[in-house]
Amino acid sequence: MEEKLQELNNACSYIIQQYASINISLDFSVESVKELDRLFDDEFKDGELVNPDSSFAKRHGFIMTGVAAYLSEVFIQHSVNSKIEIDPNDESWYVNFKVVAANGWSVEPGQRVIKRRLEGRESDFYHYVIIMLQYFTQSENDKLKTVSNSENIDLNKIRQNIPRKAWWKFWQR
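Summary of the structure given here. This one's a predicted model, so the numbers in the text were calculated from it and none came from an experiment.

Some remarks on the environment of Ile-63
So, step 1. Turning to its location among the elements, Ile-63 is positioned in helix α4 (residues 60–77).
So, step 2. C-alpha of Ile-63 to C-alpha of Gln-18: the two residues are 45 residues apart in sequence and 10.0 Å apart in space.
So, step 3. Those residues in contact with Ile-63 that sit more than four places away from it in its chain are Tyr-14, Ile-15, Leu-39 and Phe-56.

Brief notes about the packing of aromatic side chains
So, step 1. All chains considered together, the criterion is met by nine aromatic pairs.
So, step 2. For the pair Phe-40 and Phe-44, a centre-to-centre distance of 5.2 Å together with 40° between the ring planes defines the contact as tilted.
So, step 3. The exposure class of Phe-40 is buried, given its relative accessible area of 1%.
So, step 4. One aromatic cluster in this structure is built from Phe-40, Phe-44, Phe-56 and Phe-125.
So, step 5. Positioned above the aromatic ring of Phe-125, the side-chain terminus of Arg-116 is 5.8 Å from the ring centre.

Looking at unusual backbone geometry
So, step 1. Phi at Asn-23 takes a positive value of approximately 60°, unusual for a residue other than glycine.
So, step 2. You can call Asn-23 exposed: its relative accessible area is 76%.

Comments concerning the pattern of salt bridges
Side chains that carry opposite charge are capable of pairing whenever their charged atoms lie near each other.
So, step 1. Evaluation of the coordinates by the stated rule reveals seven salt bridges.
So, step 2. Between Asp-37 and Arg-116 there is a salt bridge, with its nearest N and O atoms 2.9 Å apart. In this pair, Asp-37 is assigned in helix α2 (residues 33–43) and Arg-116 in helix α6 (residues 109–119), connecting sequence segments 79 residues apart.
So, step 3. Measuring nitrogen to oxygen at the nearest pair gives 4.0 Å for the salt bridge that ties Glu-85 to Lys-83.
So, step 4. For Glu-85, a relative accessible area of 36% translates into the label partly exposed.
So, step 5. By sharing partners, the salt bridges in this structure join Asp-37, Asp-41, Arg-116 and Arg-121 into a single network.

With respect to the side chain of Glu-43
So, step 1. Mapped onto the elements, Glu-43 comes out in helix α2.
So, step 2. Of the side chains with opposite charge, Arg-117 lies nearest to the buried Glu-43, which makes no salt bridge, at 10 Å.
So, step 3. Setting aside its immediate chain neighbours within four residues, Glu-43 contacts Glu-48, Leu-49, Val-50, Ser-54 and Phe-56.

Rules used throughout
- Throughout this description, residue numbers start from 1 for each chain and increase along the sequence as written.
- Reporting of local features is limited, given that this is a predicted model, to residues whose pLDDT is at least 70; pairs of side-chain atoms are given and counted only at 80 or more, and all residues count toward the totals for whole chains, interfaces and linings.
- Hydrogens and water molecules were not included; the side-chain quantities draw on all heavy atoms of the structure.
- Secondary structure elements are taken from DSSP: a helix is a run of H or I of four residues or more, a strand is a run of E of two residues or more, and numbering for both begins at the N terminus.
- It only takes one pair of heavy atoms within 4.5 Å for two residues to be counted as in contact.
- Any two of the Phe, Tyr and Trp rings considered here, Trp counted by its six-membered ring, make a pair once their centres fall within 6.5 Å; the pair's planes then place it as stacked at under 30 degrees, edge-to-face at over 60, or tilted in between.
- Note on exposure labels: buried denotes an accessible area under 20% of the residue type's maximum, exposed denotes more than 50%, and partly exposed covers the range between, all computed with a 1.4 Å probe on protein chains only.
- Only when the NZ of Lys or the CZ of Arg is both within 6 Å of the ring centre and within 35 degrees of the ring normal is a charge said to sit over the ring.
- By definition, a salt bridge exists where a carboxyl oxygen of Asp or Glu is found within 4 Å of a side-chain nitrogen of Lys or Arg.
- Neither His nor the chain ends is counted toward charge; the positive residues are Lys and Arg and the negative residues Asp and Glu.

Remember that the coordinates give geometry; whether it matters functionally is a separate question.
Now the structure itself:
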């Protein structure tokens, strides 16, 4: 498991370094997740790479693992006693690993990265992180806490801005 955690750390570090090279700081804040949404908006259209010959395309598996690792760290840093769980026997662990909160809620960031690629803006990372952190920070008596007092996030405003597919497109896919 240590080896797999190191792979996640390496992939995450790669993402952070690439953004730092263009003067964008990924600091594990909830707001910084918007940068990853921009990356996916630029690189994918309708689930396919926009430019199959780009440097992103050549390393996109590693980059997608790095994005999943980054999201994991955001969950861990903004909740108490959350941890990564990896099934040592799973060959697709980099897609199926979980971040488990102290209260039992869990997310699979690798699965979300794939969903974001396939569904586009409708399944953005930013809103997903905010909503899931509400569950991660639930107390024993199921009262929702705010995501982060330091970030002053208005959850009602965010819920109103979640991209939604038109009701009449339910049969498409």
